[in-house]
Amino acid sequence: MIQARNIHKTFGKLEVLKGIDIDISPRRVTAIVGPSGAGKTTLLQILGTLMTPDRGGSVLYDGTEVTSLSDGAMSRFRNLNIGFVFQFHRLLPEFTLVENVAMPALIAGCGSDEAFAKARKLLERLDLKGRDTHRPSELSGGECQRAAVARALINSPKIVLADEPSGSLDSQNRRRLHRLFFELRDELGASFAIVTHDESLAADADTVVHMADGRISSVDNP
């Protein structure tokens, strides 16, 4: 589904990524692991089109070269094809939960009735029924993070990219969020690429990509 080739990225004199080739397969949970400073988050941002690679590197989604798209086309592609979950939920505090979740669908041109119906269905699936009119400040960290997953899924993206999604959660909510990724893989055919330091999540992943010093050192397919 995703093929990234010859991915380099330099900031000033610091070369963060040093010629990475990586494939992300559909309907799998891929964990990207390695020490701090290995380049994991930079790679995830490039895969998510939030950052462009240097030196002619390429990122293809089902054969479409996304790094050559115009800014407008890139934004639309990102909105329709990629979901994001970050370490902190990044829900907009002035909006209710259902408004936060529906927002990417509304941006994509979905009618409001359909967008809100889809958002409520996802919130119910993620055990957030009855919370749709609450604002983020009225919810627990685990609830906010599950809502962020719902927001990432609202446009049925090709892949959800997650950067330390459970890093701010306690152990109980961390386990619950991890189970959710695998349930959504099985139920919806969703694909996830997750940067994580959590050994239990990596141990359960379909594919584990090990990074060190800006390179991929090994790939495990248990």
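Calculation rules
Residues numbered from 1 in each chain as written. Predicted model: local features only at pLDDT ≥ 70, side-chain atom pairs only at ≥ 80, totals over all residues. Heavy atoms only, no water. Pairing = 2+ DSSP bridges. Helix = DSSP H or I, 4+ residues; strand = E, 2+ residues; numbered from the N terminus. Contact = heavy atoms within 4.5 Å. Axes fitted to C-alpha atoms, helices over the stretch in contact; angles between N-to-C directions. Parallel < 35°, antiparallel > 145°, perpendicular 65-115°, else oblique. Left-handed = near helix turned anticlockwise from the far one by under 90°. Nonpolar A, V, L, I, M, F, W, Y, C, P; charged D, E, K, R; others polar.

Draft legend 1. Structural view of the sheet that holds strand 4 (residues 58-61). One open sheet accounts for four strands, arranged 2-1-4-5; its pairing is antiparallel. Looking along the sheet, the strands with just one partner apiece sit at the ends: strand 2 (14-24) and strand 5 (64-65). Running over the sheet, helix 1 (residues 40-47) touches strand 1 (2-11), strand 2 and strand 4 and is turned about 55° from strand 2.

Draft legend 2. Main features of unusual backbone geometry. Here the phi dihedral of Asn 6 falls at roughly 55°; this positive angle occurs in a residue that is not glycine. Here Asn 6 is to be found in strand 1. One non-glycine residue, Asp 213, adopts positive backbone phi at about 55°.

Draft legend 3. The packing of helix 3 (residues 97-107) against helix 5 (residues 141-153), seen in detail. Between helix 3 and helix 5, whose axes approach to 7 Å, the crossing angle comes to 30°. Judged by the angle between their axes, helix 3 and helix 5 are roughly parallel. Note that helix 3 runs across helix 5; the crossing there is right-handed. Counting all contacts with helix 3, which are made through Leu 97, Asn 100, Val 101 and Pro 104, the residues of helix 5 involved are Ala 147, Ala 150 and Arg 151. Of the residues that constitute the contact of helix 3 with helix 5, the class distribution is five nonpolar, one polar and one charged.

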